[in-house]
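Coordinate analysis (summary)
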Amino acid sequence: MNILTSIKKLMRLSVISKELTSQESEQLQLAISTLMIEMIRADFVELQKEKKIMHEVITASMDLSDSEADKLIENAEINSDFTISLQSHTAVINNFLSNEEKQTLIQNLWVLANIDNELHKLEFNMINEVALQLGISKSQLNQICKIIK
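Residues numbered from 1 in each chain as written. Predicted model: local features only at pLDDT ≥ 70, side-chain atom pairs only at ≥ 80, totals over all residues. Heavy atoms only, no water.

1. Some thoughts on unusual backbone geometry
With a phi angle near 55°, Asp63 is a residue other than glycine that sits in the positive phi range. Looking at where Asp63 falls in the secondary structure, it is placed in the loop between helix H3 (48-61) and helix H4 (66-81). Accessibility expressed as a relative area gives 47% for Asp63, which makes it partly exposed. Within the chain, Asn117 stands out as a residue other than glycine whose phi angle is a positive 60°. Looking at where Asn117 falls in the secondary structure, it is placed in the loop between helix H6 (99-113) and helix H7 (121-133). A residue is classified by how much of its surface remains accessible, and Asn117, at 70% relative accessible area, is exposed. (Helix = DSSP H or I, 4+ residues; strand = E, 2+ residues; numbered from the N terminus. Buried < 20%, exposed > 50% of the residue type's maximum accessible area, 1.4 Å probe, protein only.)

In structure tokens, the structure reads:
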């Protein structure tokens, strides 16, 4: 299965269960995009393939134009440069996403971490930390990862 197709199936931010204001939607998009950048950077190797997939996923899942996605990714990269803790991003996500939507986000991060067919220990640790902060149990995380493998 094509990785991009898999991610697109998992994440459709345009159908989030809560109605969000424009500002809330922007905060959520930035938080999710920043986590994606953090995942890409977690193993200290940023592949062009990872960024391309991220761009395509953001464009499709958030219903953004190419230029809007480029701007969001640019803002997420800047945000990531100043990230001290993942909690600033997961707190926003906890405010707006349901448990099911959070699990979908974890699935997306898992797929993104495995794009290079190698799960680095730092990527694995990040997924564990994000899942913990989003209130996803170890057993739920194991199930999510097992489904995606």
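2. Re the environment of Glu24
Its location among the elements puts Glu24 in helix H2 (residues 22-41). Spatially, the C-alpha atom of Glu24 lies 9.5 Å from that of Asn95, the residues being 71 residues apart in sequence. Those residues in contact with Glu24 that sit more than four places away from it in its chain are Glu19 and Phe96. (Contact = heavy atoms within 4.5 Å.)

3. Let's talk about the pattern of salt bridges
Counted according to the given criterion, the structure contains five salt bridges. For Arg41, the salt bridge is made with Asp81, and the minimal N-O distance between the two is 2.8 Å. Here Asp81 lies in helix H4 and Arg41 lies in helix H2, a separation of 40 residues in the sequence. With relative accessibility at 22%, the residue Arg41 sits in the partly exposed group. Residue Asp81 is classed as exposed on the basis of its relative accessible area, which comes to 52%. The shortest N-O distance in the salt bridge between Lys51 and Glu77 comes to 3.1 Å. Here the residue Lys51 occupies a position in helix H3, and Glu77 occupies one in helix H4, the gap between them amounting to 26 residues. A single network of salt bridges, built from pairs that share partners, joins Arg41, Glu46, Lys51, Glu77 and Asp81. (Salt bridge = Lys/Arg side-chain N within 4 Å of Asp/Glu carboxyl O.)

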